[in-house]
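# Descriptive analysis of the structure
In case you want the letters, here they are:
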Amino acid sequence: MRSLQSDKAMRQLKTCWLAALAMTIHTAAFAQTKPAPPPPPPKALPAQAPAPSAPPPDATAAVVAPELAVQIMLDRIGYSPGEIDGKTGANLTRAVEAFQRTHGLPTSGKIDAATVQRLTERAGTAPPIVSYEIVDADVSGPFVPNIPADLVQQAKLPSLGYRTPLEAIAEKFHASPALLKTLNPMAMFAAGERIQVPNVAAADPLAPAPGSRVAAKIVVSKATSTLTVRDDQDQVLFQAPVTTGSQHDPLPIGTWKVTGVQQNPEFHYNPALFWDANPAHSKAVIPPGPNNPVGVVWIALNKEHYGIHGTPEPSRIGHVTSHGCVRLTNWDAERVAMWARPGTTVIFE
């Protein structure tokens, strides 16, 4: 059992780190940034909507919580926490545990001083929050504000794009829309606005770029709701939270092979394969898009009707069940797809 003096020292160390983190975020990200010029008027706002007012560059600099900073750093180095929301939860705990395990640290899942120090060494000193100017491509759509839950009705739509510019920008930075609203309370998410976003693009010099090293296997764990890409030395190349199976459609335990990767896939809905399908439903082809039932990528397996794919609901990954397939956030599915090759071993355990 640790002594009271040890606990006190740990609390003091964590307090010092939080203060240093806030100072680093403030100075590294924003101290030398010149104020952005006023943005041009948005091109596609309703006629009576007020012109957007970009938040000042340092509006969120000093309020980055440790959970948010750690989520961002983990994402950057390939230990995905799923959707970045700044909150403590099962996905963050699993990502921290995986990082600790592969870096020789006690596997507690907690954000302790030793973990923060090692994580900072890996992720570098790049600030967790950076400024980003919204461009026309971010808000050009086409957007689909009203997507019905009924799959047959979805098949009648021309596409299943993002519902709003906010949703599109949030996925671009692996974040929840609610987090972007919190970071940018005055933003209208229009072209020309400068907003604060998670710095998920900073490169990790020690991590292989997705696909740059051959993946020996992709392992999906039912017990931990994680997918791990490993090389031929059994080293972790990437890990992410997943949703796997259910009581009605359990994960098919065993060893399988990747047979192909399809980007921006259609979804071929067959109600006969869904225990909870509407009896009145017929087969339907649901158009592509990030809000398609399988998201933006489908990794096919030699197990009929099963695959690894994205999702229209990133906030639900790791928290709900599926119809047997393995779901990830769209951005994590894209990263896995860069390692998946026809013939790659996939283990469901």
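What counts and what doesn't
Residues numbered from 1 in each chain as written. Predicted model: local features only at pLDDT ≥ 70, side-chain atom pairs only at ≥ 80, totals over all residues. Heavy atoms only, no water. Salt bridge = Lys/Arg side-chain N within 4 Å of Asp/Glu carboxyl O. Helix = DSSP H or I, 4+ residues; strand = E, 2+ residues; numbered from the N terminus. Buried < 20%, exposed > 50% of the residue type's maximum accessible area, 1.4 Å probe, protein only. Phe/Tyr/Trp six-rings, centres within 6.5 Å; stacked < 30°, edge-to-face > 60°. Core = buried A, V, L, I, M, F, W, Y, C linked by side-chain atoms within 4.5 Å. Contact = heavy atoms within 4.5 Å. Pairing = 2+ DSSP bridges. Axes fitted to C-alpha atoms, helices over the stretch in contact; angles between N-to-C directions. pLDDT = per-residue confidence, 0-100. Parallel < 35°, antiparallel > 145°, perpendicular 65-115°, else oblique. Left-handed = near helix turned anticlockwise from the far one by under 90°. Nonpolar A, V, L, I, M, F, W, Y, C, P; charged D, E, K, R; others polar.

It is worth spelling out the pattern of salt bridges at this point. Per the stated rule, a full pass over the model turns up nine salt bridges. Note that glutamate 121 is salt-bridged to arginine 118, the shortest N-O span being 3.2 Å. Here arginine 118 and glutamate 121 lie together in helix α4 (residues 113–123), a separation of three residues that amounts to about one turn. On the basis of relative accessible area, arginine 118 is assigned to the partly exposed category, the value being 27%. Linking arginine 230 and aspartate 234 is a salt bridge whose minimum nitrogen-to-oxygen distance equals 3.9 Å. For arginine 230, a relative accessible area of 23% gives the class partly exposed. For aspartate 234, a relative accessible area of 40% gives the class partly exposed. A single network of salt bridges, built from pairs that share partners, joins Asp75, Asp332 and Arg335.

Let us look at the packing of aromatic side chains. Across all of its chains, the model carries three aromatic pairs by this definition. For the ring pair tyrosine 79 and phenylalanine 99, a centre distance of 5.7 Å and an interplane angle of 85° mean the geometry is edge-to-face. Highlighted residues: tyrosine 79 in the loop between α2 (66–76) and α3 (90–102) and phenylalanine 99 in helix α3, separated in sequence by 20 residues. Phenylalanine 99 carries the same exposure label as tyrosine 79, and that label is buried. Relative to phenylalanine 173, the ring of tyrosine 132 has its centre 4.9 Å away and its plane inclined at 65°; by these criteria the two rings are edge-to-face. Of the two residues, tyrosine 132 is situated in strand β1 (residues 129–133) and phenylalanine 173 in the loop between α7 (165–172) and α8 (177–183); the sequence distance between them amounts to 41 residues. A single burial state applies to tyrosine 132 and to phenylalanine 173, both of which are buried.

In this structure, Ile218, Leu227, Val229, Ile308, Val326, Leu328 and Phe348 are the most contacted members of the largest nonpolar core, which totals 25 residues. Put simply, the parts of the chain that give this core at least two residues each are β3 (217–221), β4 (226–230), β5 (236–241), β7 (254–263), β10 (297–301), α9 (330–337) and β13 (345–348). Ignoring sequence-local partners within four residues, the contact set of valine 326 consists of Val220, Leu227, Val242, Thr243, Thr244, Leu251, Gly307, Ile308, His309 and Phe348. Grouped together as the second largest cluster of nonpolar side chains are 21 residues, Leu68, Ile72, Leu180 and Leu183 included.

So, about the sheet that holds β10. One key point about sheets: their strands pair by backbone hydrogen bonds, in either a parallel or an antiparallel sense. Read across the open sheet, the nine strands follow the order β5-β4-β3-β13-β7-β10-β11-β12-β6; overall the sheet is mixed. With partners counted over all chains shown, the strands left at the sheet margins are β5 and β6 (243–244), one partner each. Taken together, the four bridges between β7 and β13 define a ladder with antiparallel strand orientation. Counterpart to lysine 257 in the pairing with β13 is threonine 345. Along the sheet, α9 makes contact with β3, β4, β5, β7, β10 and β11 (307–309), crossing β10 at roughly 50°.

On to the confidence of the model for the chain. On average, residues of the chain score 82 in pLDDT, and 75% of them reach the 70 mark or higher. The secondary structure element of the chain with the lowest average pLDDT is helix α1 (residues 4–30), at 41, and the one with the highest is α7, at 98.

Moving on: the packing of α2 against α3. Running from amino to carboxyl end, α2 crosses α3 at an angle of 60°, the nearest separation of the two axes being 11 Å. Regarding the angle of α2 to α3, the classification is oblique. Taken as a pair, α2 and α3 cross one another with a handedness that is left-handed. Contact with α2, carried on its side by Glu67, Val70, Gln71 and Leu74, involves Leu92, Ala95, Val96 and Phe99 of α3 and no other residues of that element. Looking at the contact of α2 with α3 residue by residue, the classes come out as six nonpolar, one polar and one charged.

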